[in-house]
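The lines below spell out each chain.
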Amino acid sequence: MSKPTPKDAFPKQKVARLGGGELELGTPQGGHDWQMVVVYRGLHCPLCKKYLGQLEALVPRFNAMGVDVVAVSGDPEEKARAFQEEVGQSLATGYGLDIAQMKALGLYISDPRSANETDRPFPEPGLFVINEGGGLQLVDISNAPFARPDLEALLRGLTFIRENDYPVRGTHAA
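Note that the coordinates shown come from a computational prediction; the quantities given were computed from them, not determined experimentally.

### Thoughts on the nonpolar core
- The biggest cluster of nonpolar side chains holds 29 residues, and the ones touching the most others in it are Met-36, Leu-52, Leu-55, Phe-62, Val-69 and Leu-158.
- Elements with a minimum of two residues in this core: β3 (34–39), α1 (46–64), β4 (67–72), α2 (77–87), β8 (126–130) and α4 (151–164).
- Residues Val-15, Val-72, Leu-97 and Leu-105 belong to the second largest nonpolar core, which totals 16 residues.

Structure below.
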């Protein structure tokens, strides 16, 4: 499985959007010039609920610096809606990410441990920040729910990047 390379073009994906229509991952909305795509595991994940709850409180600060924030999972619509309601999430949320899309994003994919967890393979956490040129500014892909970027630190880092024209890191080709 290949992983996305920083600075390369983000592999845009279209998914169904809660509330109707489509959400295009990699295309900022609302007058923003950057986008942050947060991939979460699904309704079954208590750590995702906590993480996206924390993110919800920070969205206005990300938006203020020109970063559109969206979330997406492989859950079907009813589970994505239940997640959004449980978390109190108002940010644009996509659902139904399929295995081919997960692979295109370089995400790790897990099978459910039991029917009590969920009923389908699901993505492990991923976070992508796409800059105004459509390139990957930041990439964070995890194989477990326990390793994710600290959102306050990420907010400070993006502020620094945007204010100082800080270059994309991790682009050395061996």
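### Observations regarding the pairing of β3
- The element β3 is largely enclosed, with a buried count of six among its six residues.
- Alternating positions in β3 separate into two faces, Trp-34, Met-36 and Val-38 on one and Gln-35, Val-37 and Val-39 on the other, with burial throughout.
- For β3 and β4, the ladder comprises six bridges, and the chain directions are parallel. Of the residues in β4, the one forming a bridge with Val-38 is Ala-71.
- Running through α1, the crossover from β3 to the neighbouring parallel element β4 is right-handed.
- In this structure, β3 lies alongside β8, joined through five bridges in antiparallel fashion. When the bridges of β8 are listed, Met-36 appears paired with Val-129.

### Some remarks on α4
- Here α4 spans 20 Å end to end across 14 residues, near enough to the 20 Å set by a 1.5 Å rise per residue.
- At the N-terminal end of α4, a side-chain oxygen is found 3.2 Å from the backbone nitrogen of Glu-152, two or three residues along, and the residue is Asp-150.
- Positive backbone phi, at 50 degrees, marks Asp-165, one or two positions downstream of α4.

### Observations concerning the packing of α1 against α2
- Where α1 meets α2, the axes come as close as 10 Å, and the angle between the chain directions of the two elements is 60 degrees. In this view, α1 runs oblique relative to α2, as classed from their interaxial angle. Relative to α2, α1 is oriented so that their crossing is right-handed. Contact with α1, carried on its side by Cys-48, Lys-49, Leu-52 and Gly-53, involves Phe-83, Glu-86 and Val-87 of α2 and no other residues of that element.
- Of the residues belonging to the contact of α1 with α2, the class tally is four nonpolar, one polar and two charged.

Rules and cut-offs
Counting restarts for each chain, with residues numbered from 1 along the sequence as it is written. Local features are withheld for residues below a pLDDT of 70 in this predicted model, meaning they are given only at 70 or higher, and side-chain atom pairs are given and counted only at 80 or more; totals for whole chains, interfaces and linings count all residues. Computation of side-chain values: all heavy atoms of the structure, hydrogens and water removed. The nonpolar core is taken to be a set of buried Ala, Val, Leu, Ile, Met, Phe, Trp, Tyr and Cys residues, with the residues joined through side-chain atoms within 4.5 Å. Remark: exposure states derive from per-residue accessible area (1.4 Å probe, protein chains only) relative to the maximum for the residue type, with buried under 20%, exposed over 50%, and partly exposed in between. The numbering of helices and of strands both runs from the N terminus, where a helix is a DSSP run of H or I of at least 4 residues and a strand a run of E of at least 2. Should DSSP find at least two bridges between two strands, the strands are regarded as paired. For a crossover, the right-handed case is the one in which the path from the first strand over the helix to the second runs clockwise, viewed with the strands pointing away from the viewer. One less than the residue count of a helix, multiplied by 1.5 Å, gives the span that helix is expected to have. Polar contact is the term for a pair of N or O atoms within 3.5 Å; when the atoms are in protein, one must be able to donate a hydrogen and the other to accept it, and sequence-neighboring residues count only if both atoms are side-chain atoms. Note on geometry: axes are C-alpha line fits, over the in-contact stretch for helices, and angles between N-to-C directions span 0 to 180 degrees. For classification, angles of less than 35 degrees are called roughly parallel, those exceeding 145 degrees roughly antiparallel, those between 65 and 115 degrees roughly perpendicular, and all remaining angles oblique. With the far helix as reference, a near helix turned anticlockwise by less than a right angle produces a left-handed crossing, and one turned clockwise produces a right-handed crossing. Two residues qualify as a contact provided that any one of their heavy atoms is within 4.5 Å of a heavy atom in the partner residue. Amino acid classes used here: Ala, Val, Leu, Ile, Met, Phe, Trp, Tyr, Cys and Pro are nonpolar; Asp, Glu, Lys and Arg are charged; the rest, including Gly, are polar.

These figures come from the coordinates and say nothing about function on their own.
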